Amino acid sequence: MTDATRVNLPATTPDVHRAMVAFGQAAEDKLDPVIGVLVKIRASQLNGCSFCLDLHTREARSAGERGQRLDALAAWRETPLFNDREQAALALTEAVTFLAVGHVPDGVYQMAAQQFDEIELGHLLWTIAAINVWNRMAVATRLRPPAHVDDGTRR
């Protein structure tokens, strides 16, 4: 089977696609939008989802996120560019995304629980779950980002 013959999920299962869109929106409803977009980008990096990386990095830039932080996101532990809340969210994102590796360690969960109230933490967990579903579907169907020119260097 070639990429061209992989299923188009929005076209073949529009009801599920609409439900996923609504799920993702509800998940992020009570979450700081900066945290939300960082989580979506980091999970997409970990899952190798080029479509979601393109979508969410463009979203972040449009919302005013600094390029330096986006460039350093994959090495967030090695830079002072991310605050304690962002670091806790990113650590939880990695643990939930790589669930089979070591589940979610108590220390990672406690770090997040110290930075977020219960409602925010719930929304953070749902946001992590939603982006992981989106990543898996985009990777499974080999969804690619559209060809567009952002800064004159992309063809």
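Residues numbered from 1 in each chain as written. Predicted model: local features only at pLDDT ≥ 70, side-chain atom pairs only at ≥ 80, totals over all residues. Heavy atoms only, no water.

### Re the nonpolar core
Core analysis: the biggest nonpolar cluster contains 25 residues, and I35, F82, L92, F116 and L124 have the highest contact counts within it. Taken together, the elements giving at least two residues each to this core come down to helix 3 (33-47), helix 5 (67-72), helix 6 (84-97), helix 8 (106-115) and helix 9 (118-140). The element best represented in this core is helix 6, accounting for 6 residues. In contact with L92, other than residues within four places in its own chain, are V104, V108, A112, L121, L124, L125 and I128. Grouped together as the second largest cluster of nonpolar side chains are 5 residues, A43, C52, I131 and A138 included. (Core = buried A, V, L, I, M, F, W, Y, C linked by side-chain atoms within 4.5 Å. Buried < 20%, exposed > 50% of the residue type's maximum accessible area, 1.4 Å probe, protein only. Helix = DSSP H or I, 4+ residues; strand = E, 2+ residues; numbered from the N terminus. Contact = heavy atoms within 4.5 Å.)

### Some words on helix 3
Between the first and last C-alpha of helix 3 there are 21 Å, a value that for 15 residues agrees with the 21 Å anticipated at 1.5 Å per step. Of all 15 residues in helix 3, 11 are buried, a share of seventy percent or more. Listing the buried residues of helix 3 in full gives I35, G36, V37, L38, V39, K40, I41, R42, A43, S44 and N47. Turning to helix 3, the residues buried within the fold contact helix 2 (14-28), helix 4 (50-62), helix 5, helix 6 and helix 9. (Expected span 1.5 Å × (residues − 1).)

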